[in-house]
Each structure stands twice: as structure tokens, then as C-alpha cells.
Amino acid sequence: MRFKIEKLFIPIQLIILYFFNIIFSVNSKSKYKFVIGVDEIANITYDLKKVFGNKSLSINLSVNKFYITNKYDYAIKPGNKYFLYLKKLFYGPYLLAKLSNQSDVFIYIWWTGFCVDRKIDYKFLKNKNKKIVCIFLGSDIRSYKLTLNFHNKHMLDTGLNYISQNINQRENEARVTKVAKDADEYADLIFNYSKDQMSYLKSEQFTMPYMYQLKKMCFNKSKFKNIDIIKIVHAPSDPIVKGTPLVRATIRKLREEGYKFEYIELTNTPNKNVLGILQNTHILISQLYAFIPGVLAIEGMANACATITSAEYDLFPSGAENAWVKTRYWEIYDNLKYLLDNTEKIEEYAINGYEFVKNNYTEAKVKEFYYNIFYEHKIIDDKIIF
């Protein structure tokens, strides 16, 4: 229903877009190299701005309650959701017209755009010879059909088995099919964890590095001097998809067996608060169905937590095999019990994970990665340093 309503705004958005493009083109000058947006998902937009620095602009046209304190170059401020929605419909095309006359490369986070149909963005930018980079992060591109078929074939469970009945799968498949088709047609470079985010994309896909600011990393040595009561944290963004029922069952069973620990489950908690708690946490339980760690696991390792996650080691740089405790959904009880029985392993994994993030996912390393791949695929030339 929402998409049908949004389509009614397309003629209005096209008028706004091309009217203001004429106005802004009078004094057209590339002041910035990169535009990053238009939504905030897992701090990606905010962090990439830190990587690309003053040659970039960060855009957030959605209000994410978990990152409310983040600062962006252009953003819609919190308020009445209906007013914000209408504002975005008019502000988006205006902003695209403006930025297309100031910038050369548009890096899209998630599946949304400045206009209600991102294909409008794509066609407009390509007509102006702009470069387009797509970064997909999960359900923006993931086909539930392909994912369920893969897991059924390999006799694996997935969180989608428990939520698929609550989702209009036909509508979702139509959406992700279009998102993939449009990206294939217009994008100059696509980032996607193709094994975890199974999609209809046909173009070559690259894995993007996670990113964590070096100055925010925290190794609180004092917490390992007192592990009489081990602190365990689980902070699911979606309890069913992340495996929370299995975590709760494990916690219950271990307590029944006499293990003493503090268990904290965080839901609907601002990211800043989560990071503060992780600094004093011994063990973080992340997601149990995915093939990748996810942002929370990276945050846990960056704050020296022994991190439990189902992520595959071979999809990531050297050192991953010692950075976290690989735990599929049927192994959570055994692996958490192992850490509780061998407490010296908690600090060992915490050190390994901390060093893994520091060596692979801090600003300098991520900047080097993007410089190399952008140059290789002619997104930038060799004279550009960001």
C-alpha cells in the first residue's frame, strides 16, 4: 500500500528534481568527491564519513532512534513521523539536484534513494556522468525465497523460518528483484556479502570491510582482573532472527546447573549506551544464524569482549579464526559453557578480537581498502586522496 501511495509523488518529485537542477547547474562546481547516504543503518553512513573526511557529505533522510546523537551534513531531524515522511518526499529530490552539481560519486547505503524510486536517482545521475556505488547490508537486498531454499537444501535452520509467515513474501521478492535489477543496470560498483545476503544480483559483488573508529576502541583490562561474576550481554536488533530464544534457553539451563554469572539482554537501546555496557562486558553473544559477524560483533571485539557469533572464518581476513568463537545455533550451550569452564579463554578471545578489529577495520585500513578498489574500478583517479 505504501509503495502505491509513494508512486503518486513521482511526477511531483521529477518536477522538483529537474527544476532545481537547472537552478543549481548555473553555478555547478565539484566541491566534494563523495555523497554517502541516504539512510543510516548500523552506523555505516556515519563511519564512512569519517573514512572519506572533508571530501565527502553524509546524508541521513531517516530518523534512526539508535543513532540519534550522530551528526550528518544533511539530515531530517526527529519530529512527527507523518510530517517527516512528507518532508522527505519533497526534500529528497531537491537535495539530489543540489548535490549532483557539487559531487562526483554517490555511495548508496541500503536500498532507498533521494526519490521514492531509486531508479530515478540512477538515471538522473548517469545522465550527468556521475559514479554510483551500492552498499547492501541485509534485508535491503536479501531474497527470502533464495535464503530459505538454500537453508532447506543444506538442512540448516534460519531465523527467517520463524518470521516468514508475518511477511508478504511476494511483495518482498518483487522489491528485492527490482533493487537488484536496477543496481545491475546502473551501479559502477556493488558491495554485498553474497553468501549471507542471497540476492538476484548478477553483477560482480565485493565484500565491504566493517569500520570502527580507533579512538573509540576500548580494552578495559580491569574487567579481567575480577571475573568472579562473568558478565554476559546479548543485544539483538531482532530477537527471532538473531536467535534470542536459543540464548535464553541456554542461560536458563546453565543457571539450573549452578553456574553464576550476570546476563544482560539489551533491546531498543541507543547504540551509545550499548557501547558503554560492552566496555565492562566479558562475553558478547551476537547472532546465531548468519554467515557474517554483523556490526554488533565488531563492536564487541572492539571493546574487548569474547564474542560468540555464527560467522564463517573463511569470509574474512587472516586472524578471524581466533578472533571470535564460531557458534552455530545448535552449539550455543556447549560453547558458552566452554568459556565459563575455561575462563582464561575469555581474555584470550577478547585480545584476539580486539587486535583483529584494530588491524583490519580501523580508519586507515578501511581508507586504504576503498582507495584501492575505487581506483581499480575507475570510481576515482590516481590523483584523488581522501
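For the structure itself, consult the block above.
Described below are features of the structure shown in this document. For every chain, the first residue of the written sequence is number 1, and numbering continues from 1 onward in sequence order. Local features are withheld for residues below a pLDDT of 70 in this predicted model, meaning they are given only at 70 or higher, and side-chain atom pairs are given and counted only at 80 or more; totals for whole chains, interfaces and linings count all residues. Hydrogens and water molecules were not included; the side-chain quantities draw on all heavy atoms of the structure.

What about the pairing of strand β7 (residues 230-234)?
Exposed residues in this analysis have more than 50% of their type's maximum accessible area, buried residues have under 20%, and partly exposed residues fall in between, with area computed by a 1.4 Å probe over protein chains only. Helix numbers and strand numbers start at the N terminus; a helix is a DSSP run of H or I with at least 4 residues, a strand a run of E with at least 2. Of all 5 residues in β7, 5 are buried, a share of seventy percent or more. Every second residue of β7 is oriented toward a common face, with Ile-230, Ile-232 and His-234 on one face and Lys-231 and Val-233 on the other, all of them buried. Here 5 bridges tie β7 to strand β8 (residues 261-265), and the two strands are oriented parallel to one another. Its bridge partner lying in β8, His-234 is registered against Glu-265. Two strands make a pair as long as DSSP finds a minimum of two bridges between them. Pairing of β7 with strand β9 (residues 283-285) involves 3 bridges; the strand directions are parallel. Following the sheet pairing, Ile-232 is matched in β9 by Ile-283.

Comments concerning the pattern of salt bridges
Take a side-chain nitrogen of Lys or Arg and a carboxyl oxygen of Asp or Glu: if they are within 4 Å of each other, that pair is a salt bridge. What the rule picks out here adds up to 13 salt bridges. We note a salt bridge from Arg-142 to Asp-196, for which the minimum N-O separation is 3.1 Å. With a gap of 54 residues between them, Arg-142 in the loop between β5 (131-135) and α6 (144-153) and Asp-196 in the loop between β6 (189-191) and β7 connect regions that are remote in the sequence. Comparing Arg-142 with Asp-196, the two get one shared label, buried. The salt bridge involving Asp-182 is made with Lys-178; its shortest N-O contact spans 2.7 Å. Here Lys-178 and Asp-182 lie together in helix α7 (residues 169-186), a separation of 4 residues that amounts to about one turn. The exposure class of Asp-182 is buried, given its relative accessible area of 6%. Here Lys-178 falls in the partly exposed class, since its relative accessible area comes to 35%.

Quick word on the nonpolar core
Only buried Ala, Val, Leu, Ile, Met, Phe, Trp, Tyr and Cys residues count toward a nonpolar core, and they belong to the same one when joined by side-chain atoms within 4.5 Å. Within the largest apolar cluster, 75 residues are counted, with the highest numbers of intra-cluster contacts made by Ile-107, Phe-191, Ile-283, Tyr-370 and Phe-374. For this core, the element with the most residues is helix α13 (residues 344-360), which contributes 6 residues. Here a residue-residue contact requires only that any non-hydrogen atoms of the pair lie within 4.5 Å. Dropping the residues within four chain positions of it, Ile-107 is found in contact with Phe-34, Val-35, Ile-36, Gly-37, Phe-52, Val-133, Ile-135 and Phe-374. Among the nonpolar cores identified, the runner-up in size contains 36 residues, and Val-38, Ile-76, Leu-84 and Trp-110 belong to it.

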